[in-house]
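In case you want the letters, here they are:
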Amino acid sequence: MRGFGSLLVLAAIPAALAVKSHDFKTCSQAGFCRRGRALSARAAENPSWRSPYSVDASSVALSPDQASFTAAIKSSIYPDVKFSLDVRIHDDGVVRVRMDEVDGLRKRYDEAASWALLEEPKVSQKVQWTVAKDSVKAVYGAKNDIEVKVAFEPLKVTLFRGGKEQVVLNNRGLLHMEHFRTKESVPKSKETVPVPEEGLDTEDGVQAVLGVHPRAAWFEGEQEDGWWEETFNSFTDPKPKGPESLSLDIDFPNHGHVYGIPQHATRLDLPTTTGENAHYTDPYRLFNADVFEYLADSTMSLYGSIPFMHAHSADSTVGIFNAIASDTWIDLGHPSPKSTTSHWISETGILDVFILPGPTPADIFTQYTRLTGTPALPAHWSLGYHQCRWNYVSSEDVRSVQKRFDEEDIPVDVFWLDIEYSEEHKYFIWDKRHFPDPVDMIKDVEAIGRKMVIIIDPHLKRTDNYPVYKQATELGILVKKGDGLTDYEGWCWSGSSAWVDYFHPGSWDWWKSLFKTEQHGDQWSWLESTVNTGIWNDMNEPAIFNGPEISMPRENIHYGGWEHRDLHNINGMLFANLTSQAVMARTDPPKRPFVLTRSFYAGSQRFGAMWTGDNLGTWEHMAVGVKMVLANNIAGFSFSGSDLGGFFGNPEPEMLVRWYAVAIFSPFMRAHAHIDTKRREPYLLDDPYKGIVRNMLRLRYSMLPVWYTAFREASVTGLPVLRPHFVAFPRDERGFSLDDQYFVGSSGLLVKPVTRKGVTEETVYLPAEDQVYYDYFNHNAYRSDAKGKEITVPAELHQIPVFVRGGSIVSTRERPRRSSPLMRRDPFTLRVALGKDSSARGELYLDDGETFSHQQGELVWREFVAEKPAKKSKGVRISSRNLATQKPTEAVDHVALATYDSGNAFAKAIADVRVEKIVVLGLPTKPSSVAVEGGKELQWTYTDGVAASDKKEGTASVLVIRDPKLAVASDWDILVKA
Ligand code: NOJ
């Protein structure tokens, strides 16, 4: 068990009390997972295996518009148990398949999707199902090339595209919805019955053995296994509902790569867990848990779960979102290099699967984020550098850390307070011995637009002198023990604690009221904070030190009578959801909330940022952190990062510097460290390390326009901020397993952070396309070709392999500042990286960065284009155009842009913000003139070098146009004449 209490106790924790793998179940230690795997093994062993589930043809009922249908499902092993099937196709082509037990002894948990989905998806009005003798079918899609077929006998759901199987549910007959039963209903004596016709045909009869229905033995196994009480370590789970697991195989017969299902510390292209050469022995597990000192290469579950998977091949991408909230294990196999099997085994819940038809990764992101929401557009400041540690121990400590940053001219936007700010870990309540003047302290930090983020954990110290706990008790909104009556008590940082049941609607307004910074009636509120303070939600899996698997007993009861096991993986999302609503409710109109969460689920992207929890200060963890952040990005949750420097340990300077390079190219960039570690704020480094880190942070700040534009695109389209190779180049097979380099949004920036010790060079893969890639720093031009190409580039400690793809225009702000709000009126630099056809384009999105006025059209959205003025010209025209008036129908921005007014208040406020420099890479010849169209000659310099249109490599030609006196938010054209 972990320590709690004073700093002294905490300082003594680590190694000896470290939580190790043995605190967490393997598949073989979880009854339902064991049963699921055994089912799969029986199926694999028997060639005549056949799913017992079938559709009752006579029951198929089309909806009046024929867009969806329901049917009854029978199981030959339990003919008296009834199931229902509901299949519908949404207006974007996504197929939703639901199956539930009907009139069972109990109700299965069916609310996971309602928490994950943005809204109830619209069923297509165009698609029509047709019923045949043996199946129901629908054909649809822009090219009419998608077919969904629900076969009756056995039940099998297949999505075809172009006649090829893309996704098949119950392909291998592993579907099994364990119906509710009582202990008494299970036969207790041995009896012999004939094998049902649809069962195995290997013997004449089966022996019914204790606890198994004889008819089901071939399918469910001959032994009742872990159906009722189960003990793990010293914890007994009474499992009063008995077996109710759900097993489902989802196969991708024509896809050789699968990605997603975060969070696991593993490769992006998920390695196998089944088959002869299985990479891992245990399935991937989705069960939100506080895994202390987690392994850097494992299928173990971690803090968050997104049951969303991409399956990819060179000509097709499809996706699966399995809306399940209980403990889930997923086996993966590649029966051949070009096909994938997956087997999902969940403890409880209905079957509620969304099949995303693709056909490209971009389509998958659109389809998935239409379901679960696009990432919230973050406050601009939250893309800056966050400085955290457990703990800055006093107001004076916070002030002096800030001072040191300023003295050393190191940019930083956010200072964080971990749990020790609070009196006895009663969150919201300041420990006044060390933080006597909290509001003044926060305001000191906010003086130049910086912010504070303060931790609020979900465990409430059980003491009457804690108003938050007292009120929650009085409101009756605490999670209950298995009896459904008594408030549950467990141990966490605050000692004996209780947990609010955020599924209880009675908790919602109350939670919001706590964050008010002004007095409202006699309600307790957090007067000692400010409306700008961001919130850190930690331990929300929930982590409970004396609970099974360091979490909540599964038999605990939530609102509506659901057991904790039913909704475990959603718990953390609800906490962050309500906290973000609470933060917004502090002001009217609201500001964009900043909430960091450790635990998450599908849909969490709507509420804030996440980080990958308690990593170790090792090279392996640094490297796997990049992969984990990529996995999160492709699972809809772009705003993610890992603890910079590693939570545990004391990284040597080389490692710390490399970690800064990783972090400045992460969507969320926060340095954090365990309470036992030595201080490692960047100003404590010696030179040259300190100078290198300062430059790296300045580089991040200079690129904030790139990040913000990428986030804005993600918030509108669902395309991730970080794009791994298979996303950016879906047909380039050599890149399908790449997960240590990636693109930033649509900017054309390709990054490969170094995550190994002692490196002076790094290899980078350039995609299979005939294109030029420029080194961001020294402008060296590299050429890729149709086969793709590996290049080796210098990567000394001060160097980061960063490239601009030819054809891109990158907007930056290059004046070093102490915080990002100070850059608001800074001028821009445009880097025009000409492509092989001598053209380029880029986008820049700007708004006030903190309110929601962009939703009313208070924004600036520009497009920069470079192209030849005439076909054979060697010159180039560089223009600035208003994109906001060009794309009025784009998804989320529809309202804002349909009525867009270029003279909106925000645009006016930045009307005088200039472009101060334009750098053009790859011109073929020295210009004869560079002038604003119809205007005077501009100041420029030209260095000869390789042209974009050449086949050559080497330093590119560089034209630098200085201070063209053009506003970034207005239309203009610059003519570069050859
Ligand atoms: C666990 C979190 O993962 C870590 O970041 C934090 O510092 C500690 N809890 C203390 O709050």
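Residues numbered from 1 in each chain as written. Predicted model: local features only at pLDDT ≥ 70, side-chain atom pairs only at ≥ 80, totals over all residues. Heavy atoms only, no water.

As recorded by an unreviewed UniProt entry, the protein carries the name Glucosidase II subunit alpha and is attributed to Ganoderma sinense ZZ0214-1. Turning to the protein, the UniProt record has this under Pathway (unreviewed entry): "Glycan metabolism; N-glycan metabolism." Per UniProt, the comment on the protein under Subcellular location (unreviewed entry) is "Endoplasmic reticulum". (UniProt positions renumbered as here; feature names shortened; annotations may be inferred.)

Draft legend 1. Layout of the overall build of the protein. Counting secondary structure elements, the protein contains 18 helices and 54 strands. For 978 residues, the compact-globule estimate of 2.2 N^0.38 gives 30 Å, and the protein sits close to it at 29 Å. Once the C-alpha set of the protein is aligned to its principal axes, its extents read approximately 95 × 70 × 55 Å. Buried positions account for 64% of the 978 residues belonging to the protein. Residue pairs in contact within the protein that sit at least 24 positions apart in sequence constitute 70% of those at least 6 positions apart. In the structure as shown, the protein presents an accessible area of about 34100 Å², 51% of it carried by carbon and sulfur atoms. Of the side chains in the protein, 109 bear a positive and 129 a negative charge, and the two mean positions are spaced by 6 Å. (Helix = DSSP H or I, 4+ residues; strand = E, 2+ residues; numbered from the N terminus. Rg over C-alpha atoms; globule rule 2.2 N^0.38 Å. Buried < 20%, exposed > 50% of the residue type's maximum accessible area, 1.4 Å probe, protein only. Contact = heavy atoms within 4.5 Å. Areas by Shrake-Rupley, 256 points an atom, 1.4 Å probe, with all protein chains shown as cover. Lys, Arg positive; Asp, Glu negative; His and termini not counted. Charge placed at Lys NZ, Arg CZ, Asp CG, Glu CD.)

Draft legend 2. Representation of the site of the ligand. The full set close to the ligand counts 13 residues, and Asp418, Asp538, Arg598, Asp614 and His672 are the nearest of them. Asp418 places a side-chain nitrogen or oxygen 2.5 Å from an oxygen atom of the ligand. With respect to the ligand, the side chain of Asp614 contributes an N or O atom lying 2.4 Å from an oxygen atom. Contact with the protein chains hides 100% of the accessible area of the ligand, taken as 300 Å² for the molecule alone. Residue classes in the shell around the ligand are distributed as eight nonpolar, one polar and four charged. (Near = heavy atom within 4 Å. Polar contact = N/O pair within 3.5 Å; in protein donor to acceptor, adjacent residues only side chain to side chain. Nonpolar A, V, L, I, M, F, W, Y, C, P; charged D, E, K, R; others polar.)

Draft legend 3. Focus on helix α13 (residues 653–664). With 12 residues, α13 ought to run about 16 Å at 1.5 Å a step, and its terminal C-alpha atoms sit 17 Å apart, in line with that. Counting buried residues in α13 gives 11 out of 12 residues, a clear majority hidden from the surface. (Expected span 1.5 Å × (residues − 1).)

Draft legend 4. Structural context of the packing of aromatic side chains. Following the criterion strictly, the structure yields 53 aromatic pairs and no others. Note on Trp416 and Phe668: the rings are 6.2 Å apart at their centroids and 55° apart in plane angle, and the pair reads as tilted. Taken together, the positions of Trp416 in strand β25 (residues 414–417) and Phe668 in the loop between α13 and β35 (670–671) put the pair 252 residues apart, joining distant regions of the chain. Considering the side-chain rings of Phe639 and Phe668, the 5.8 Å spacing of their centres and the 90° angle between planes classify their relative orientation as edge-to-face. Linking Phe639 in the loop between α12 (619–634) and β33 (640–641) with Phe668 in the loop between α13 and β35, this pair joins segments that are 29 residues apart in sequence. Looking at Phe668, the relative accessible area reads 2%, which means it is buried. Looking at Arg670, its charged tip hangs above the ring of Trp536, at a distance of 4.5 Å from the centre. The positively charged end of Arg712 is found above the aromatic ring belonging to Trp861, 4.0 Å away from the centroid. (Phe/Tyr/Trp six-rings, centres within 6.5 Å; stacked < 30°, edge-to-face > 60°. Lys NZ or Arg CZ within 6 Å of the ring centre and 35° of its normal.)

Draft legend 5. Region of interest: the UniProt feature "domain: Glycosyl hydrolase family 31 C-terminal" (unreviewed entry) in the protein. Feature annotation in UniProt places "domain: Glycosyl hydrolase family 31 C-terminal" (unreviewed entry) on residues 718–810, given in this structure's numbering. A distance of 21 Å separates the end C-alpha atoms of residues 718–810, which is 4% helix and 41% strand.

Draft legend 6. Inspection of the side chain of Arg694 at higher detail. Position of Arg694 among the secondary structure elements: in helix α14 (residues 689–702). Within polar-contact distance, the side chain of Arg694 engages the backbone oxygen of Glu408 at 2.9 Å. Here Arg694 is in contact with Glu408, Asp409 and Ile410, once residues within four sequence places are set aside.

Draft legend 7. Fine view of the domain arrangement of the protein. Taken as a whole, the protein is organised into domain 1 (457–593) and domain 2 (827–977). Taking only C-alpha atoms into account, the centre of domain 1 sits 48 Å from that of domain 2. Each side of the interface is counted separately: domain 1 has five residues, and domain 2 has seven residues. Of all residues in domain 1, Pro590, Lys591 and Arg592 give up the largest surface area on contact with domain 2, accounting jointly for 91% of the area buried on that side. If you look at where domain 1 meets domain 2, you find two salt bridges. As a salt-bridge pair, Asp847 and Arg592 come within 3.2 Å of each other at their nearest N and O atoms. For the interface between domain 1 and domain 2, the tally reads four residue pairs in polar contact (both at pLDDT 80 or more). Its residues placed into classes, the side of domain 1 that touches domain 2 shows three nonpolar, no polar and two charged. (Domains from an automatic or database assignment. Buried area = accessible area lost by both parts, 1.4 Å probe. Salt bridge = Lys/Arg side-chain N within 4 Å of Asp/Glu carboxyl O.)

Draft legend 8. Structural view of the state of the cysteines. One pass over the full model with this rule turns up one disulfide. The side chain of Cys27 participates in a disulfide bridge whose partner is Cys33; the two sulfur atoms lie 2.1 Å from each other. Since a negative S-S torsion denotes a left-handed disulfide, the Cys27-Cys33 link at about -105° is left-handed. In this pair, the class of Cys27 matches that of Cys33, namely buried. Not engaged in a disulfide, the cysteine Cys388 finds its nearest cysteine sulfur in Cys492; these two sulfurs lie 17 Å apart. What makes Cys388 buried here is its relative accessible area of 2%. With relative accessibility at 0%, the residue Cys492 sits in the buried group. (Disulfide = S-S within 2.5 Å.)

Draft legend 9. Up close: the pattern of salt bridges. As enumerated under the stated definition, the model contains 77 salt bridges in all. For Lys241, the salt bridge identified is with Glu244, shortest N-O distance 2.9 Å. On the basis of relative accessible area, Glu244 is assigned to the buried category, the value being 2%. One salt-bridge network, in which partners are shared between bridges, spans Asp237, Lys241, Glu244, Arg285, Asp327, Glu347, Glu549, Arg554, Glu563, Arg565 and Asp566.

Draft legend 10. Spotlight on the sheet that holds strand β24 (residues 386–387). The nine strands are arranged β33-β32-β31-β30-β26-β25-β24-β35-β34 in an open sheet whose pairing can be described as parallel. Edge strands, defined here as strands with exactly one partner in the open sheet, are β33 and β34 (643–644). Across the sheet, helix α7 (residues 395–407) touches β24, β25 and β26 (451–455), and the angle it forms with β25 is around 155°. (Pairing = 2+ DSSP bridges. Axes fitted to C-alpha atoms, helices over the stretch in contact; angles between N-to-C directions.)

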